[in-house]
Amino acid sequence: MEQKRIDRINELARKAKTPEGLTERETAERAALRREYVDAVLGNLQGQLDNTYIQRPNGSREKLRKKEE
């Protein structure tokens, strides 16, 4: 996610704390930017987990798998 978008999220968060508050349009923009940020963080985490291996005591390496339910 671009730094410019993160700065905008922070700007809207600061404005929301003022007595003036956010307009309806700004509230919708903030929600969309937050969703984009969360999706980016989760995507990065998933990428890291996809490249994570567990090394067993015998020296073998095993790719990390999703937990079965």
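Our next topic: the overall build of the chain. A tally of helices and strands in the chain yields two helices and two strands. Reading the chain from its N end, one meets helices and strands in the order α-α-β-β. For 69 residues, the compact-globule estimate of 2.2 N^0.38 gives 11 Å, and the chain exceeds it by more than 25% at 19 Å. Here the C-alpha coordinates of the chain stretch approximately 65 × 30 × 15 Å along the principal axes. Counting only residues that meet the buried cut, the chain has 9% of its 69 residues in that class. A total of about 6,200 Å² of accessible surface is found on the chain, and carbon and sulfur atoms cover 49% of it. Counting 16 positive and 13 negative side-chain charges, the chain places the averaged centre of each group 4 Å from the other.

Further remarks concern the pattern of salt bridges. Under the counting rule described, the total for this entry stands at eight salt bridges. Ionic pairing is found between Arg8 and Glu11, a salt bridge with its closest N-O pair at 2.7 Å. Of this pair, Arg8 and Glu11 both sit in helix H1 (residues 3–16), three residues apart, which is roughly one turn of that helix. Judged by its relative accessible area of 25%, Arg8 is partly exposed. Between Glu62 and Arg56 there is a salt bridge, with the nearest N and O atoms lying 3.2 Å from each other. A network of salt bridges, in which partner residues are shared, links Arg8, Glu11 and Glu29.

Two aromatic rings are characterised by how far apart their centres lie and by the angle between their planes. Evaluation of the coordinates by the stated rule reveals zero aromatic pairs. One residue, Arg61, lies across the ring of Tyr53, its end atom 4.7 Å from the ring centre.

Bringing the environment of Arg8 into the picture now. As for Arg8 and Glu26, which are separated by 18 residues in sequence, their C-alpha atoms are 10 Å apart. A polar side-chain atom of Arg8 sits 2.7 Å from a polar atom in the side chain of Glu11. Among the polar contacts made by the side chain of Arg8, one reaches the side chain of Glu29 at a distance of 2.9 Å.

Each value, and the rule that gives it
Residues numbered from 1 in each chain as written. Predicted model: local features only at pLDDT ≥ 70, side-chain atom pairs only at ≥ 80, totals over all residues. Heavy atoms only, no water. Helix = DSSP H or I, 4+ residues; strand = E, 2+ residues; numbered from the N terminus. Rg over C-alpha atoms; globule rule 2.2 N^0.38 Å. Buried < 20%, exposed > 50% of the residue type's maximum accessible area, 1.4 Å probe, protein only. Areas by Shrake-Rupley, 256 points an atom, 1.4 Å probe, with all protein chains shown as cover. Lys, Arg positive; Asp, Glu negative; His and termini not counted. Charge placed at Lys NZ, Arg CZ, Asp CG, Glu CD. Salt bridge = Lys/Arg side-chain N within 4 Å of Asp/Glu carboxyl O. Phe/Tyr/Trp six-rings, centres within 6.5 Å; stacked < 30°, edge-to-face > 60°. Lys NZ or Arg CZ within 6 Å of the ring centre and 35° of its normal. Polar contact = N/O pair within 3.5 Å; in protein donor to acceptor, adjacent residues only side chain to side chain.

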